[in-house]
Amino acid sequence: MTTQKPPAVPDANVPDELLKGTTLLKVSEKKQKRALFRIDADQGEIVYESKKSGIIPIECIKEIRAGPEATYYRAQFKLSAALDSRWITIVYILDGTYKTIHIVADTVDLYNAWLTALNRLHAVRAGLMTGLGNIEIRDAVWEKQYWKGADQGGDSKLDLAEIEGLCKRLGVSLTDTAIRALFKEADTDKRGFLDFESFRRFVKLLKRRPDIEKIYAHLGKLDSSADAAQLFAKYSPNEAIMSLPAFTSFLLSTENGPFSELHDPVWQDMTRPMSEYYVSSSHNTYLVGHQLVGVSTIEGYIRALLHSCRSVEMDIYDGEDGEPVVYHGKTLTSVVPVRQVCEAIAKYAFVTSPYAIIISAEVHCGIKQQDVIVEIMEKSFGDKLIKSPPGDRPELKELPSPEQLKGKILLKAKNLMVTAKLAALQKEKITAAAAAVEAANTSSSDSSDSGASILDSIKDKWRHARKKEKKQPMMSVSLAELLVYTVGVKCFGLSEDYAPEHIFSLSESRAAREAGKDMVRHTQTHMVRVYPKGTRVNSTNYQPQMYWAMGAQVVAINWQTFDLGYMINQAMFQRNGRCGYILKPDALRAGGEKLLEKRTNHRLDISIISAQQLPRAKDSTTGREIIEKSTVDPLVHVALHVPDWMASPASNKEKEPITKVCAQTTVIKNNGFNPVWEEDLMLPFECVGGMMDMIFLEVSVRDDGEDEGAVAKYCLPLGSLGKGYRHLPLHDEQLSQYLFATLFVKVDVVDL
């Protein structure tokens, strides 16, 4: 009898020569070496000769660059430009670290074969890692992967021992007797082994969902005469009553995803002034590691821009050869030329979003290299670069909108001349105020101690302003011409008169001290950038929603660190078509002052029903599952991260103004495949001005007794959370979605 073969996965056919292996040139900064490379399409891996790992899981690939797109590395290695037409660079994550591998094919035909196969395989898996849905393809990938992994003998037959090994690998919590019973039920021809078709029957039995069956039975018949006509047309086109399989497919579909606008296009009004939007922002974009000794590279810019980041940072210094460079000043970080950074920005700026890029620059150069910066930007960006001679500009009444600035690149840097004028005005105000108080005290024969106290306070401010007076370094006029809608100035307090284009940057500590209604009022018409404090040398992050809740628009995150702050930032900017701009809540825009006075109490009710195919521990070098560590004792931890609405943490500088409300389930022993909890958790919280999108839900599946982070997690803004029964697609620590892992929940938000 001919055994059945796994179903074909669309666009995943790989030429035989790549399955068997071809010799390619593996290139690194230190050496070049010829090695045999092959594709294991079923396992979803690139396998190559190496003393270390020699394996790249295709689902771990973040980007495939080829030909001219990979020129940066070829030039870095000082190799011939003739290699460009046969060069492929693969960027991937393994054990939480970005890695690259560079390969060169011997011929253009072989290069094209490799590039086509890699792009197709990657596209299939990438498509499965953007939420739910694609059930048939997902099942086909799963069946091919685990069929091949279980077939130790390579004879396309699985005996009972191989099936038991597979169940151990999957973390299935069944006795040997139960596994044997399923094996016999799937082996309908009683041959003592499973061919592929029998294997599929076994998998269907193994993946049976009693939890969904219970819900389906409780709901009764799903009548297509209800409002769900479109769903019936898709999932039950020829039936008046939706069947259990159709109902299950719907529950796992994109139509029933937990993130209500995950797959929506840009839908918000993009014609409001820029000050009314949050902007996805990166801090020290050039670093890919430690703040003091990390590596400066264009990779940070490419990664951020490909994730729709719209504000990137440069710290620019004089270069030794007359070319300005980017690095973290007064540290041991390496340098990268401004020219290379600008070329990377020009190439990747609008790949994932058409909306404006803001380059936030700290310029520490002399006049000569400031002019070089301008020349580089004008050459790299062309007419995309916003510029205007300061003397020819009409006075702005309000900032332009994201729609008006589509496809444009804005430079934001401190305008030293404007800052000096604001400082002089501040000094005049302080002097005038001191004179007025002194005159009032002189004219009154019984001046009070409080009057003297006010005068002393003003004199202190005046002395402080005098003390900080220093000769301002010169600024290039051509550089000032690039500062149009994002003119950097020093913050002299929130009560000062700033032009709409004036933007100041505050450290997280200073921003927290300024939190309050004055900050909300200021950010209704002006932009504010917030950045991590300097003591975060390991590139950790704050929780950005605490600054979004006070109105700050450009809240910069260390994108090289995959922590809670990074996760919240990524969850926020999954919204609005992932364009990098989010319209601020009504309460934080002009006219929303009364909304800020409205405080409401709510409760998140979340039933943790079950999990499906939780990931197993993986080897840090190969990315493959460690069979010996396949046992998981899962529990689910649920947390709400709520801003401490309009409160200042000045009284306790060590505590972030975030309220964390959390709860967790009990532990399920030895079951990572299909644990069932059916436990109800309730989390009370307070909301101000209806700003549910400033509250973030974090769901973590943890392994009881293990301290090394979560097994899998999911995060989204509470305002975007769909109610009812939902499957949460689970992610790893780097926020890459697992292909097959989900958490089944029922959600509701109750008004108290």
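What counts and how
- All residue numbers here refer to positions counted from 1 along the written sequence of the relevant chain.
- For a predicted model such as this one, the threshold for reporting local features is a pLDDT of at least 70, and the threshold for listing and counting side-chain atom pairs is 80 or more; totals across whole chains, interfaces and linings nevertheless cover every residue.
- Side-chain numbers come from the whole structure's heavy atoms, not from hydrogens or water.
- Counting from the N terminus, the helices are the DSSP runs of H or I reaching at least four residues and the strands are the DSSP runs of E reaching at least two.
- Here, residues are in contact when the closest pair of their heavy atoms is within 4.5 Å.
- For every residue, the accessible area obtained with a 1.4 Å probe (protein chains only) is divided by the maximum for its type, and the residue is called buried under 20%, exposed over 50%, and partly exposed between those limits.
- Pairing between two strands is assigned when DSSP locates at least 2 bridges connecting them.
- Between the N-to-C directions of two axes lies an angle of 0 to 180 degrees, each axis being a line fitted to C-alpha atoms and, for a helix, fitted only over the stretch in contact.
- Put simply, angles under 35 degrees are roughly parallel, angles over 145 are roughly antiparallel, angles from 65 to 115 are roughly perpendicular, and the rest are oblique.
- Crossings are classed by handedness, with left-handed meaning an anticlockwise turn of the near helix from the far one by less than a right angle and right-handed meaning a clockwise turn.
- Throughout, the ten residues Ala, Val, Leu, Ile, Met, Phe, Trp, Tyr, Cys and Pro are labelled nonpolar, Asp, Glu, Lys and Arg are labelled charged, and all others, Gly among them, are labelled polar.
- A carboxyl oxygen of Asp or Glu within 4 Å of a side-chain nitrogen of Lys or Arg is what we treat as a salt bridge.
- Aromatic rings from Phe, Tyr and Trp, taking only the six-membered ring of Trp, are treated as a pair when their centres fall within 6.5 Å; an angle between ring planes under 30 degrees marks them as stacked, one over 60 as edge-to-face, and anything in between as tilted.

Undergrad: Just to check I follow, could you spell out the environment of L683 for this structure?
TA: Here L683 is to be found in strand β23 (residues 676–688). Sequence separation of L683 and A663 is 20 residues, and the distance between their C-alpha atoms is 7.1 Å. When neighbours within four sequence positions are excluded, L683 is seen to be in contact with H602, R603, L604, I606, V638, A639, L640, V661, C662 and A663.

Undergrad: Looking at this structure, I do not really get the pairing of strand β5 (residues 61–66). What am I missing?
TA: Side-chain positions along a regular strand alternate between the two faces of the sheet. Of all six residues making up β5, five are buried, and the element is well covered by its neighbours. With five bridges joining them, β5 and strand β6 (residues 87–94) adopt antiparallel strand pairing. If you follow I61 over to β6, its bridge partner there is Y92.

Undergrad: Help me understand the packing of helix α12 (residues 338–348) against helix α13 (residues 367–381), please; the structure alone is not making it clear to me.
TA: Pairs of packed helices are described in terms of their axes, by the angle between the two and the distance that separates them. Their axes nearest at 9 Å, the elements α12 and α13 cross at an angle of 25 degrees. Our classification of the angle between α12 and α13 gives roughly parallel. Where α12 crosses over α13, the handedness of that crossing is right-handed. In this structure, α12 uses V338, R339, C342, E343, I345 and A346 to contact α13, whose residues at the interface are I376, M377, K379, S380 and F381. For the contact of α12 with α13, the class distribution of residues is seven nonpolar, one polar and three charged.

Undergrad: How do you make sense of the pattern of salt bridges when you look at a structure like this?
TA: Side-chain pairs of opposite charge can arise where the charged atoms are in close proximity. Throughout the structure, instances matching the rule amount to 29 salt bridges. Between D195 and R191 there is a salt bridge, with its nearest N and O atoms 3.1 Å apart. Linking E323 and R339 is a salt bridge whose minimum nitrogen-to-oxygen distance equals 2.6 Å. One end of the pair, E323, is in the loop between β10 (311–317) and β11 (325–326); the other, R339, is in helix α12, with 16 residues separating them in the sequence. For R339, a relative accessible area of 27% corresponds to the partly exposed category.

Undergrad: What's the story with the sheet that holds strand β1 (residues 22–27) in this structure? I'm lost.
TA: Two orientations exist for strands paired in a sheet by backbone hydrogen bonds: parallel and antiparallel. Taken together, the seven strands give an open sheet; going across it, the order is β4-β3-β2-β1-β7-β6-β5, and neighbouring strands pair in antiparallel fashion. Looking at strand neighbours, the two that pair on one side only are β4 (55–57) and β5, the edges of this open sheet. The average angle at which neighbouring strand axes cross in this sheet is 30 degrees, direction not considered. Direction of pairing for β1 relative to strand β7 (residues 97–104): antiparallel, over a ladder of three bridges. When the bridges of β7 are listed, K26 appears paired with I103.

Undergrad: Which parts of the structure should I look at to understand the packing of aromatic side chains?
TA: Each aromatic ring pair is characterised by the separation of its centres together with the angle its planes make. Enumeration according to the criterion identifies 24 aromatic pairs in this entry. Measuring from centroid to centroid gives 5.3 Å for W147 and F199, while their planes differ by 55 degrees, and the two rings are tilted. Here F199 lies in helix α7 (residues 196–206) and W147 lies in helix α4 (residues 135–150), a separation of 52 residues in the sequence. The exposure class of W147 is buried, given its relative accessible area of 6%.

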